[in-house]
Amino acid sequence: GEEGSPQTRSVLAMLKMPRMRAACLIFIGSCAIEYTCGSWGSTFLVNCRGMAVEAAAGCTTFYYVGMALGRFLSGVLSGKLHSRKLIGLGQAVTAAAILLLLLPLPKAFAVIGLFGVGLGNGPVFPNLIHLTPENFGRKLSGAVMGSQMASSYIGVTLMPPLFGLLANRIGVGLFPAWLLAMFLLMLLGTGLVARCREREAVVE
């Protein structure tokens, strides 16, 4: 329902907006969790939970099953729940799953934890994309999408190798703590976006 043609802005110009910077934190954190789990999950199961290599590779499949299921359920529930609610539910599941990975529990709980991370984090990315017009307006959506994709590439391409460098120095046991750090980064961005939205509502 907005009037006017779409606006074009550079990524640097978009990053001057506090809400844009906050949204980028969510994308970086979510994508970092997704791709770090896919790249290092089986290594964690082998080195820190004593699982055989073949079994760990098979169990990592549960992580991808969880992600696919999370995105499927998100689509099913999208007609009943707002995207922000779905993101919040997904983040709650992710937090519980990371807790399972942090605790010194039997290896089966680590597999459940990886499944839960996929299940909870899976809905975050598509729902954030869906919220773009609502968060930034339709005229800015195209420019915002470019900035969001750029931030997601940081989470995809830089964060898993960065974890690898840290793991080589500290150990793969850092894996759950790394996921927690990326989750807190995502949670910080979510809170800042909500704060910006509340401030704008007060001004209006």
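Residues numbered from 1 in each chain as written. Predicted model: local features only at pLDDT ≥ 70, side-chain atom pairs only at ≥ 80, totals over all residues. Heavy atoms only, no water.

Novice: Where do I start with the pattern of salt bridges in this structure?
Specialist: For side chains of opposite charge, pairing can occur when their charged atoms come near one another. On inspection of all chains with the given rule, the structure shows 2 salt bridges. For Glu34, the salt bridge goes to Arg71, with nearest N and O atoms at 3.1 Å. Of this pair, Glu34 sits in helix H2 (residues 18–49) while Arg71 sits in helix H3 (residues 53–77); the two residues are 37 residues apart in sequence, bridging distant segments of the chain. Note on Arg71: relative accessible area 32%, which makes it partly exposed. Ionic pairing is found between Glu134 and Arg84, a salt bridge with its closest N-O pair at 2.6 Å. Taken as a pair, Glu134 in helix H7 (residues 132–136) and Arg84 in helix H4 (residues 83–102) lie far apart in primary sequence, 50 residues in all. By relative accessible area, Arg84 is classed as partly exposed at 32%. (Salt bridge = Lys/Arg side-chain N within 4 Å of Asp/Glu carboxyl O. Helix = DSSP H or I, 4+ residues; strand = E, 2+ residues; numbered from the N terminus. Buried < 20%, exposed > 50% of the residue type's maximum accessible area, 1.4 Å probe, protein only.)

Novice: How should I be thinking about the confidence of the model for the chain in this particular structure?
Specialist: If pLDDT is low for a region, its predicted coordinates should not be looked at in detail. Across the chain, pLDDT averages 88, with 92% of residues at or above 70. Between the elements of the chain, mean pLDDT differs from a low of 69, seen in helix H1 (residues 11–14), to a high of 95, seen in H4. (pLDDT = per-residue confidence, 0-100.)

Novice: I would appreciate a short explanation of H2 in the present structure.
Specialist: Residue pairs spaced three or four apart in an α-helix point in one direction, given the helix's 3.6 residues per turn. If you look at H2, its biggest bend is around 50°, right at Trp40. Backbone geometry just downstream of H2 places Gly50 in the positive-phi region, at approximately 65°. (Bend = angle between axes of the 7 residues up to and from the residue.)

Novice: What is the right way to read the environment of Leu100 from this model?
Specialist: Locating Leu100 in the fold gives a position in helix H4. Expressed as a C-alpha distance, the spacing of Leu100 and Gly116, which sit 16 residues apart in the sequence, is 9.1 Å. Apart from the residues lying within four places of it in its own chain, the contact partners of Leu100 are Leu105, Phe109, Ile112 and Gly113. (Contact = heavy atoms within 4.5 Å.)

Novice: Help me understand the packing of aromatic side chains, please; the structure alone is not making it clear to me.
Specialist: Enumeration according to the criterion identifies 6 aromatic pairs in this entry. Between Trp40 and Phe163, the aromatic rings sit 5.4 Å apart at their centres with planes inclined by 75°, giving edge-to-face as the arrangement. Of this pair, Trp40 sits in helix H2 while Phe163 is found in helix H8 (residues 141–170), placing the two residues 123 residues apart along the sequence. When the centroid spacing of 5.1 Å and the interplanar angle of 65° are considered together, the rings of Tyr63 and Tyr64 count as edge-to-face. Using a relative accessible area of 43% as the deciding quantity, one classes Tyr64 as partly exposed. Taken together, Trp40, Phe44, Phe163, Phe175 and Trp178 form an aromatic cluster joined through their ring pairs. (Phe/Tyr/Trp six-rings, centres within 6.5 Å; stacked < 30°, edge-to-face > 60°.)

Novice: Honestly, H8 in this entry has me stumped. Any pointers?
Specialist: Under the 1.5 Å per step criterion, the end-to-end length of H8 is 41 Å for 30 residues, consistent within 8% with the ideal 44 Å. Of all the bends in H8, the largest measures some 35° and sits at Leu158, one to four residues before the proline Pro160. (Expected span 1.5 Å × (residues − 1).)

Novice: What exactly am I supposed to notice about the nonpolar core here?
Specialist: Taken as a class, soluble globular proteins show a tendency for nonpolar side chains to be buried jointly. Core analysis: the biggest nonpolar cluster contains 44 residues, and Ile33, Cys37, Leu45, Leu101, Val117, Phe175 and Leu179 have the highest contact counts within it. Put simply, the parts of the chain that give this core at least two residues each are H2, H3, H4, helix H5 (107–121), helix H6 (124–130), H8 and helix H9 (175–203). It is H2 that contributes the most residues to this core, 12 residues altogether. If near-sequence neighbours (up to four positions away) are discounted, Leu45 is found in contact with Gly50, Met51, Ala56, Cys59, Thr60, Ala110 and Leu114. (Core = buried A, V, L, I, M, F, W, Y, C linked by side-chain atoms within 4.5 Å.)

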